[in-house]
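Descriptive structure summary
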Amino acid sequence: YRLLRAAMTTATQDGLIQRNPCLIKGAGSSTAAERPTATPAEVARLADAVPPRYRALVLMAAWTGARLGELAALRRSDIDLDGETFSVSERVYPLKGRMDFDTPKARASVRVVTLPPHLVPVLQTHLDEFTGPDEGDLVFCTSGGRPVNKSQISSTWARARAKVGRDDLR
């Protein structure tokens, strides 16, 4: 109904029809259900329930609010452990069977994010163990060096959620 109403509004504005027939009040609005959130203890258990390669990724997502596509596009050069920040200037997303890199959709999504101090040693360990040495190397990648994406880690994430008893988390 929302799409039809928007099309009819455009048609009215363009003079193609005289009046928008979509006039049912409230029919074009919907309310999203409240998204479940994990407690700090559950976040820690979730991070421990995934393979070590993805532990820092879970913690970064939980404590910084960064999206998976933003975290998956992070490169070693984007991380400043001394300054306790990381820069978001790129995102990665699946496109026709491959992963494509691009700037974030919204200009406001390009930003510098403060790292909570407790994540600095976790991220340092991750960089030492799972990230290549070059400044352009991806911080969070598969064992084959490809960017992580939701479909690749969905079974890993499902097992971790089940282990923690939080199947409602996505």
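Before reading further, recall that the structure is shown in the block above.
Described below are features of the structure shown in this document. (Residues numbered from 1 in each chain as written. Predicted model: local features only at pLDDT ≥ 70, side-chain atom pairs only at ≥ 80, totals over all residues. Heavy atoms only, no water.)

1. With respect to the pattern of salt bridges
Under the defined criterion, the tally for this structure stands at seven salt bridges. A salt bridge links R166 to E42; the shortest N-O distance between them is 2.7 Å. Here R166, found in the segment after helix 6 (150-164), pairs with E42, found in helix 2 (residues 40-49); they are 124 residues apart in sequence, far enough to count as distant. Like E42, R166 is buried. Across the pair E70 and R111 runs a salt bridge, and its minimum N-O distance is 2.9 Å. Highlighted residues: E70 in helix 4 (residues 68-72) and R111 in strand 5 (residues 111-114), separated in sequence by 41 residues. Judged by its relative accessible area of 25%, R111 falls in the partly exposed class. (Salt bridge = Lys/Arg side-chain N within 4 Å of Asp/Glu carboxyl O. Helix = DSSP H or I, 4+ residues; strand = E, 2+ residues; numbered from the N terminus. Buried < 20%, exposed > 50% of the residue type's maximum accessible area, 1.4 Å probe, protein only.)

2. Considerations on helix 3 (residues 52-64)
The end-to-end C-alpha separation of helix 3 is 19 Å, in line with the 18 Å expected for 13 residues at 1.5 Å each. Within helix 3, the full set of buried residues consists of R53, Y54, A56, L57, V58, L59, M60 and T64. Buried residues along helix 3 sit against helix 2, helix 4, strand 2 (85-88), strand 5, helix 5 (120-130) and helix 6. Looking at the residues trailing helix 3, positive phi occurs at G65, about 75 degrees. (Expected span 1.5 Å × (residues − 1). Contact = heavy atoms within 4.5 Å.)

3. Observations concerning the sheet that holds strand 1 (residues 79-80)
Backbone hydrogen bonds hold the strands of a sheet together, and the pairing may be parallel or antiparallel. Spatially, the three strands line up as an open sheet ordered 1-2-5, and their pairing is antiparallel. Of all strands in the sheet, those bounded by a partner on one side alone are strand 1 and strand 5. Alignment of strand 2 against strand 5, held across four bridges, turns out to be antiparallel. Within strand 5, the position partnered with F86 by the bridge is V113. (Pairing = 2+ DSSP bridges.)

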